[in-house]
Every structure is written in C-alpha cells, then in structure tokens.
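Chain and residue survey
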Amino acid sequence: MTGTIMTPALISLSFGGAIGLMFLMLGCALPVYNEYWPLFLLFFYILSPIPYCISRRVVDDTDSASNACKELAIFLTTGIVVSAFGLPIIFARASVIAWGACALVLTGNIVIFGTILGFFLVFGSNDDFSWQQW
C-alpha cells in the first residue's frame, strides 16, 4: 500500500484509540463514579498484541498449515482479551465500581480492541509498509 492509502488508516486508528481511552477515562473520572480501578485495563491493552507479535517474528509464514506457536499466541491473546472484559464485570459485581462505569469501560474495551484488530488487519500484510518494520 502506498502512503496516501495509509494516511486515512492511521488517522482512523488514532481516532479509535483516542475514543476508546476516552470511554475508559469517563468510566473512572466522572464525579458520579470517581473510582480509578478500571485503569488496570491499560495493562491488558499493552499485553494483548505481544503474543501475536512474538509468534509472527518466530514462525515461518510459508507453511499454509496451522502452526502450534501461532495457535498458542492466538489462545493467549484471547485469554488476555476475555480477562479485560471480565475484570470490570467482576469489579461491578463486587461493588468496587458502579455498573454505569462498567458499561463505559466495556464500551472502551470494544473500541480499543477493535482498534488493535484494525491495526493488525491494515498493517499485518508483508508488503513494503508493514508493522514488522516498527
């Protein structure tokens, strides 16, 4: 892909990340909620792409069959994403945060993980401009 095609993709991904973080911050900082426990989800956002990135570096992608390393990376990534959705629900059930804050945080999760998925879909191909150069 050329640079003119990548520019709208980068802008859209940046906008999606900003909107997702805004929902997370609203779930924490609104005066009605005023609990900052959901900020622990930032660790999940950072950890979620790491297994897949490591497996893309290690695995030779010429084989069309399934690969155990890639399957393990997808499994670990799925566990991290499911944990990120479960943590606010556990916080809300334990009355650590309000249910409204939980809804805002879950909305932010959907947007941020969609943005991470979009990043890998846009920059995941092995062409001239890919995420592997980063």
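Residues numbered from 1 in each chain as written. Predicted model: local features only at pLDDT ≥ 70, side-chain atom pairs only at ≥ 80, totals over all residues. Heavy atoms only, no water.

1. As for unusual backbone geometry
Stated formally: The secondary structure listing takes helices from DSSP runs of H or I that are at least 4 residues long and strands from runs of E that are at least 2 residues long, numbered from the N terminus. Throughout this description, buried means an accessible area under 20% of the type-specific maximum (1.4 Å probe, protein chains only), exposed means over 50%, and partly exposed covers the range between.
For N34, which is not glycine, the phi dihedral falls at a positive 50 degrees. Relative to the helices and strands, N34 resides in the loop between α1 (3-29) and α2 (41-47). A residue is classified by how much of its surface remains accessible, and N34, at 48% relative accessible area, is partly exposed. Within the chain, S95 stands out as a residue other than glycine whose phi angle is a positive 60 degrees. Assignment of secondary structure puts S95 in the loop between α4 (68-93) and α5 (99-123).

2. Observations concerning the packing of aromatic side chains
Inclusion rule: The pairing test for Phe, Tyr and Trp rings, Trp by its six-membered ring, is centres within 6.5 Å, and the orientation test on the planes gives stacked under 30 degrees, edge-to-face over 60, and tilted for anything in between.
All told, the structure shown has eight aromatic pairs when counted by the stated rule. When the centroid spacing of 5.4 Å and the interplanar angle of 75 degrees are considered together, the rings of Y45 and F113 count as edge-to-face. Separated by 68 residues along the polypeptide, Y45 in helix α2 and F113 in helix α5 bring together distant segments of the chain. The exposure class assigned to F113 is buried, which follows from its relative accessible area of 11%. Note on F85 and F113: the rings are 5.9 Å apart at their centroids and 35 degrees apart in plane angle, and the pair reads as tilted. With F85 in helix α4 and F113 in helix α5, the pair connects residues that are 28 residues apart, well separated along the chain. Classification of F85 by relative accessible area gives partly exposed; the value is 26%.

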